[in-house]
Amino acid sequence: MSETTVTVESAATEAPSSCCGSCGTNAAAAPAAESAQTSVFQVKGMTCGHCVSSVTAELKKLDGVDDVAVDLATGQVTVGSTRALADSDVAAAIDEAGYDLIGRVEG
């Protein structure tokens, strides 16, 4: 007879898949949450869905940007990123899309 070897991994060695990291048991998740940045910018000239698409596409090209939400009615653009964004980089992306950055919305 031949012998068969079976390897069984313990569930304790796997990283928890649903842990939020707040208790400290998932150390890998905690630093990512701390480095998340949300910035709001005022943009001039957007009037339609195409404008929203253009601004969104250009901002998502910036290193670290993972989310863009545009409020067409107010002209405010909320950017989620993994690092702080330089206003000059945001201005260049918005300019490339064909619009004008008025400034960062504080608060």
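This report concerns the structure included in the present document.

1. What about the overall build of the protein chain?
Along the protein chain, the regular secondary structure elements total three helices and four strands. Taken from N to C terminus, the helices and strands of the protein chain fall in the order α-β-α-β-β-α-β. Here the protein chain holds 107 residues, and 25% of them are scored as buried. Within the protein chain, residue pairs in contact and separated by at least 24 positions form 60% of the contacts whose partners lie at least 6 positions apart.

2. A few points about the packing of helix 2 (residues 49–60) against helix 3 (residues 87–97)
Put simply, helix 2 and helix 3 touch, their axes get as near as 8 Å, and they point 140 degrees apart. Overall, the two elements helix 2 and helix 3 adopt an arrangement that is oblique. Judged by the sense of rotation from one axis to the other, the crossing of helix 2 with helix 3 is right-handed. Note on element contacts: helix 3 touches helix 2 through Val90, Ala93, Ile94, Glu96 and Ala97, opposite Ser54, Val55, Glu58 and Leu59. A breakdown of the residues in the contact of helix 2 with helix 3 according to their chemical character gives six nonpolar, one polar and two charged.

3. Describing the pattern of salt bridges
Charged atoms that come close allow side chains of opposite charge to pair. Counted by the stated rule, this structure contains three salt bridges. Its salt-bridge partner being aspartate 63, residue arginine 83 comes within 3.7 Å of it at the nearest N-O pair. Of this pair, arginine 83 sits in the loop between strand 3 (76–81) and helix 3 while aspartate 63 sits in the loop between helix 2 and strand 2 (65–71), and the two are 20 residues apart along the sequence. According to the relative accessible area criterion, aspartate 63 is exposed, its value standing at 57%.

Parameters at a glance
Residues numbered from 1 in each chain as written. Predicted model: local features only at pLDDT ≥ 70, side-chain atom pairs only at ≥ 80, totals over all residues. Heavy atoms only, no water. Helix = DSSP H or I, 4+ residues; strand = E, 2+ residues; numbered from the N terminus. Buried < 20%, exposed > 50% of the residue type's maximum accessible area, 1.4 Å probe, protein only. Contact = heavy atoms within 4.5 Å. Axes fitted to C-alpha atoms, helices over the stretch in contact; angles between N-to-C directions. Parallel < 35°, antiparallel > 145°, perpendicular 65-115°, else oblique. Left-handed = near helix turned anticlockwise from the far one by under 90°. Nonpolar A, V, L, I, M, F, W, Y, C, P; charged D, E, K, R; others polar. Salt bridge = Lys/Arg side-chain N within 4 Å of Asp/Glu carboxyl O.

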